[in-house]
Structures are given as C-alpha cells and as structure tokens.
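Summary of the model geometry
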Amino acid sequence: MTLLVILEHDRGDLAEASREAMTAGRSLAEQMGDDLHAVLIGEGADHLTDEAAELGAQTVHVVTHDILTDYGPDAWAESVRQLADEIDAAAVLAVGTDRGNEVMAQLAARTDLPFVANCVSVDASDDEGWSMTRLQWGGSLLEDSTIEAERKLVSIGHHAVVASDALAPGAGTVEEFEPELDGSHAVTIIKDRAVLSQGVTLSTAPVVVSGGRGVGSADGFGILEELADLLSGRVGCSRAVTNNGWRPHADQVGQTGTRIAPEIYIATGISGAIQHWVGAMASKRILAINTDPEANMVAKADYAVIGDLHKIVPAVTAEIKRRKGST
Amino acid sequence: MRILVCVKRVPAPGAKINVTTDGQAVETAHLGFTTSPHEECAVEEAVQITERMGGEVTVLTVGPAEAEEQLRYAASVGCHNLVLVPTDGLALDPQRTAAIITETVGGLEADGGGFDLILFGNESADSGGFQVGVRVAHALGRPIVNGIKGIDVEDDHIVARRAVDAGFEVYELPRPAVLGVKEGINLPRYPTMKGRLASKKAEMVSQPIDAENGGQVMVRLHRPAETVKETVMLGDSEEAAPAIVDLLEEIGVLQ
Ligand SMILES: Cc1cc2nc3c(=O)[nH]c(=O)nc-3n(C[C@H](O)[C@H](O)[C@H](O)COP(=O)(O)OP(=O)(O)OC[C@H]3O[C@@H](n4cnc5c(N)ncnc54)[C@H](O)[C@@H]3O)c2cc1C
Ligand SMILES: Nc1ncnc2c1ncn2[C@@H]1O[C@H](COP(=O)(O)O)[C@@H](O)[C@H]1O
C-alpha cells in the first residue's frame, strides 16, 4: 500500500509548505509501513521530480492532461482521486494551505470519506483507525479525533512540522499519469492573476508595529506608521481596528487575518484576545504597550511598558531619530 | 438574484478558551455568541449584491435553537429569509452537517426556486473543518472556489477573486455557483435601529432534518501547552523610550 502526498507548486516552483507535507509524510509512511508516493500536477511540475525524491518520494506521479494548465480545485482533486484509485493509496496527505485544504475537501466530497484538516500529530500505526490531534479555533484549541475509513484523508497544519530533506533520498521513480477529465473539471481553473504588492509583506516583515482599539482613530495610526518606517517594518492591527474601518483588512493580525513571525512584535493598545494571539504567537519577541497592566497581551509579552501609547510611541520614534542623528 | 448564506453560531471567547471538564465542548457559561467572521462578511456581501441587483437573501444555520440570535442579527443587517435546522445541541461532524445543508437547500429550492449563488465562510471559526461548503457544492453539482475576497456578478457567470500572498487569482464560474468567502472581502455594516426592528418581525422557519454521521469522531478538546514567561517591565511612561530603543538595537532591527 502507499501513502500519497499532494505537492503544491506555482507554475513550476515547489511550495515551501509542500516540504512540510513530505516531512510529515515520511514519518507517517514509516508508521504505516507503506511506500511514500508524491503527486505533481499540471504544467511546469515535471522538473520538480528530483526535489520530490530528495524529500523522500519512492515514486513521483506526474499528472498531465490538456486542461491541467494552471491550478483548479476540481481538476486537481479529480486527478488525485483517479490516481489514488489506480495505486490503491491507503491515505492521501496534503499540507493545510488554502489550496491543500481545498483539494482535500474536494477529494473527500467526491469519495464521501471523512477529511481531517490541519492535524498537528497523527498516529497511523493501526491501519483500521487513525487517531490524530488537530487545530481548532485557528490553533487556540486542540481536538483529539479518530477516523475509520478505507482511505484516510488528512492535511497537516501549515507550520506544524519543520520541513527537512530525507536522510536518504527516495528512489524517485517517475510515473506519468493521464487522468480522464472533461470540460466540467475545467470550470474552476484559474483564469487570470493580478499582482498587487511586492517586497516585504506583513507575514514576512522583520518588525511589525500594531495598533488596537486603544489607538482610537484612523489618524492615530500615523505615529505607528512613522515608527514602522524607521524600523523598515510593517503596520499591523487588531480586528477591532478593521471593524471600525481604521485600517484595511490586509493589516489584520490573527485567526481570520495574517499570521506573522517577526523578530519583534510591538503591540500597542491591543488587549490580546486569543484570536489575535494565535496570529502573533510565532513572533520571536513581543513588546506590549498598554495602559492596563492586567491586559492579556501584557501577561503574554516578553517586554511591556504600561502607559499611553500616544505618548510612548512618539517618544520611541524621537529617541531613534536622536540616536541616528548622533551617529 | 436569490442568494443563500450558510452561517454557524460560535462562542466569542476572550483571552483564553476554556473547555468543559468532560472535554466535549467549549465552556460557554460566561460567553457571548457570534457568527463566524468569514460568514459575517458573506452575509454582508450577499446583502450588497441584492441591494445592487435586486433579489433576496436567505440565511441558513444548522445549530441549537439559540442560533435564532445569529439569524435575527443577519436580518437586522438586511437578510430577508431565515431558516434554522435545529440540532438539539449535538455537535455534528462535517459530513453530517453538509448532508443536512444539502437536503435543506433541496427543499428550499423546490419551494422557492433555485439559488443563483450560495455563500459559505472559508472555514468555521470554531471547528475549522475547511470542507462543509465544498461537500455541499459537490452534492448539488455546482462549482465552488474557496478563499474568495472579491465577487462580481455578471449576467451568466460570476467572477471571483481569491487572495494569494502578493495579489489575486481570478476565477470565472458559471451560475449557479457556490463560493467560500474570507473576511476582508468587505466591511460588514452594523445594524441600524430600523434594521433591528425589522429583524424582530422577520419570519423564521424551523426545519428539522437529520443525516448520518460521517467517519470522524471527536474524542476530546484541550488547550495547547502554554509556556509561561516572565514579562520584563521596561517602564510605565514615555521615559521607557531609551530602554525600548536599547532593546531594538540589541536584537539588531535598528540599523
Ligand atoms: C472567531 C473570531 C475570530 C477573530 N479573529 C480575530 C483576528 O484575526 N484578529 C484580531 O485581532 N481579533 C480577532 N477577533 C476579535 C477578538 O476577539 C477581539 O475582539 C479583538 O482582538 C480586540 O481588539 P483590541 O485588542 O484592539 O480591542 P480591545 O479588546 O478593546 O482592547 C483595547 C486595548 O487597548 C488598551 N488601551 C486603551 N487605550 C490605550 C492607550 N491610550 N494606550 C495604550 N493602551 C490602550 C486597553 O487597555 C485594551 O487592552 C476574532 C473574534 C472571533 C470571535
Ligand atoms: N452548522 C452549520 N450551519 C450552517 N453553516 C455551517 C455550519 N457549519 C459550517 N457551516 C458553513 O460551512 C463553512 C465551512 O465550515 P467548516 O467545514 O466547518 O470549516 C462555514 O464557514 C459555514 O459557512
């Protein structure tokens, strides 16, 4: 039997997240005593077979078809469904990105099998039933679950494992697979793309300076922007701020916003609700600035200043300028 | 346009989420409830579309009788028809939820005509299964794309934009279609006084429907391990500025 891992790529660039899927896949395949197979779909995927072998794939299935140009949830899931049948896969695994979870859900819908999204650990030692721990509430809570199914469908939470190459690469035997697809599977294929931003994004910024309800207004963010600029960072915010229309949703940190992982997160006027915290907790260090010493953000931060952000933030900016001026 | 939006009632926890002692649910004794944020935006999007193009928005929830609160809220911001499928407090797995919604949609469409568009949240805020919408769309034989942050309704198709790291992917779906919406697609309005009054009068249909369990069984909920750390206090006024800048220099983010 085999464990089949879905690899994601963007027109030929392997998604970093798929390295996590393969890392998790290796340990699962070992527990199951099964072979690790990987599947690459669509144009540009064929030259990623070596990378898949480095990541431990014994067999790499390259799926091609006229309609498989760009990504499309139906075309991808239907391809995987047919391939999984063909190789009699005991389980199919992806990483819990937008695409990963979408393809798995499509696959589950097509086969009417359970799909367990965003697992952080999986016990696959018993092939009758698996038990797993998965994320709820965007990671604020964990759920222990079990599934019994003739084919297990699972995604691994994005960032739940640290990606690594296999100690010994897999054989990486390449096999071509051409699924039977028709126009109905092409309906949801990407039609077009629009690039909006270049450079550091909120999720990759080394410094994030965030404001919450305590900032008080859209204009109040001026002082946070000035500080963020001096630190080559980005401005973030809480949902209270986006709900008030003070900042665009693209700036929101949290469960339904962006996950950040900066060197330092400066959280001002933010109480630290759990849904905000899950978006910020991967920060290396957190500095909270809050008038309330009891605020959850203060309790969870590495550093805190208790006081009015409207006074403290400009003072920090002034101090940086003073030091820069004197060197 | 006839639009259906599927919403879920979820607790609104604060600083931490507590679990009941039997590990079967979130402890909600001292909590308020809300609609999942992605779904709140789906409701707003549906209302905006019908304001532009005419038509009706139906809101559907599968949940406890108290989920009437979330339906009334949707009515207060402009939805027209409210449908509750009561669950007697049972926590359903995603397959069962999807089967119930599919059957309910069948009934609603047989009575009132087909929906041009069905909106889901990208994922529910609590259990986050990332699948109920996809299962329903598949069962109905309609296309679905998730992660949508922009919708344009054209005569015979729907343009949907999905947010990716540096921009958008654009999809074009024939009508009728299904979409999984993400927060940020719009800014949900607050109810007006008039809306609140109208929501009290809105008719709510309660429609018991059940389906088989799927294969996923929840054993228990628990909180992730927390590392307790000592917070270093840098001061209690703007006089802390030099200490903050020292810290920024020390960790190398100040060049
Ligand atoms: C399902 C779900 C998902 C959610 N997703 C997100 C999400 O992705 N991101 C998110 O942020 N929230 C999210 N929320 C909302 C979250 O629960 C909180 O409501 C929100 O984070 C609160 O924002 P806040 O901290 O800015 O506001 P508040 O909680 O009102 O806190 C304001 C803080 O500012 C402090 N303050 C006031 N004045 C000053 C001053 N002058 N100087 C310094 N400090 C001051 C106060 O002491 C207080 O601590 C979600 C909620 C739900 C139910
Ligand atoms: N009990 C429910 N009642 C109505 N809609 C639901 C329910 N559960 C999930 N949904 C819808 O399905 C979407 C995906 O849910 P999930 O698969 O749990 O992440 C949600 O955002 C809702 O729009």
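Below you will find a few notes about this structure. Note that the structure is predicted; figures quoted are calculated from it, not measured.

Across the boundary between the two partners, chain B contributes 79 residues, which contact 86 residues of chain A. Between chain B and chain A lies a buried interface of about 6900 Å² when both sides are counted; carbon and sulfur atoms form 57% of it. Linking Arg99 of chain A and Glu169 of chain B is a salt bridge whose minimum nitrogen-to-oxygen distance equals 2.8 Å. For the pair chain B and chain A, the number of links is 40 residue pairs in polar contact (both at pLDDT 80 or more). Partitioning the side of chain B that touches chain A into residue classes produces 41 nonpolar, 18 polar and 20 charged. One ladder, built from six bridges, connects strand β9 (residues 141–148) of chain A with strand β12 (residues 216–222) of chain B; its direction is antiparallel. Bridge assignment links Thr146 of chain A to a residue of β12 of chain B, and that residue is Val217 of chain B.

All chains considered together, the criterion is met by 38 salt bridges over all chains. One salt bridge in this structure joins Arg247 of chain A and Glu225 of chain A, with 2.8 Å as the shortest N-O distance. Of this pair, Arg247 of chain A sits in the loop between α7 (239–243) and β15 (264–268) while Glu225 of chain A sits in helix α6 (residues 222–230); the two residues are 22 residues apart in sequence, bridging distant segments of the chain. The partner of Arg9 of chain B in a salt bridge is Glu69 of chain B, and the shortest N-O contact between them spans 2.9 Å. Of this pair, Arg9 of chain B sits in strand β2 (residues 9–12) while Glu69 of chain B is found in helix α2 (residues 68–76), placing the two residues 60 residues apart along the sequence.

A few words now on the sheet that holds β15 of chain A. One open sheet accounts for six strands, arranged β14(A)-β13(A)-β15(A)-β16(A)-β17(A)-β13(B); its pairing is parallel. Only two strands of the sheet have a single partner each, and these edge strands are β14 (234–237) of chain A together with β13 (232–235) of chain B. Pairwise comparison of adjacent strand axes, ignoring direction, gives a mean angle of 20 degrees for this sheet. Of the strand pairs in this sheet, strand β16 (residues 285–290) of chain A and strand β17 (residues 303–306) of chain A are connected by four bridges, and their pairing is parallel. Looking at the pairing, Ile289 of chain A lines up with Val305 of chain A of β17 of chain A. Across the face of the sheet, α6 of chain A comes into contact with β13 (207–211), β14 and β15 of chain A while running at roughly 175 degrees to β13 of chain A. Running at roughly 130 degrees to β16 of chain A, helix α10 (residues 309–325) of chain A makes contact with β15, β16 and β17 of chain A of the sheet.

What counts, and at which threshold
- Within each chain, residue numbers correspond to sequence positions counted from 1 in written order.
- Lettering of chains starts at A and numbering of ligands starts at 1, both following the order in which they are written.
- Per-residue local features are limited, in this predicted model, to residues with pLDDT of at least 70; the limit for side-chain atom pairs, both in listing and counting, is 80 or more; totals at the level of whole chains, interfaces and linings are taken over all residues.
- Each side-chain value is derived from all of the structure's non-hydrogen atoms; neither hydrogens nor water enter the calculation.
- The contact criterion used is simple: two residues touch if any of their non-hydrogen atoms lie within 4.5 Å.
- Put simply, buried area is the surface a 1.4 Å probe can reach on two separate parts but cannot reach once they are joined, added for both.
- Salt bridges are counted wherever a side-chain nitrogen of Lys or Arg sits within 4 Å of a carboxyl oxygen of Asp or Glu.
- Contacts described as polar in this section are N or O atom pairs within 3.5 Å, which, within protein, must combine one atom able to donate a hydrogen with one able to accept it, while residues neighboring in sequence count only if both atoms come from side chains.
- By the convention adopted, Pro, Cys, Tyr, Trp, Phe, Met, Ile, Leu, Val and Ala count as nonpolar, Lys, Arg, Asp and Glu as charged, and the other residues, Gly among them, as polar.
- Here, strands pair whenever DSSP counts at least two bridges between them.
- Note on conventions: DSSP H or I runs of at least 4 residues are helices, E runs of at least 2 residues are strands, and numbering of each starts at the N terminus.
- Under this scheme, a helix contributes an axis fitted over its contacting stretch, all axes are lines through C-alpha atoms, and angles between N-to-C directions fall in the 0 to 180 degree range.

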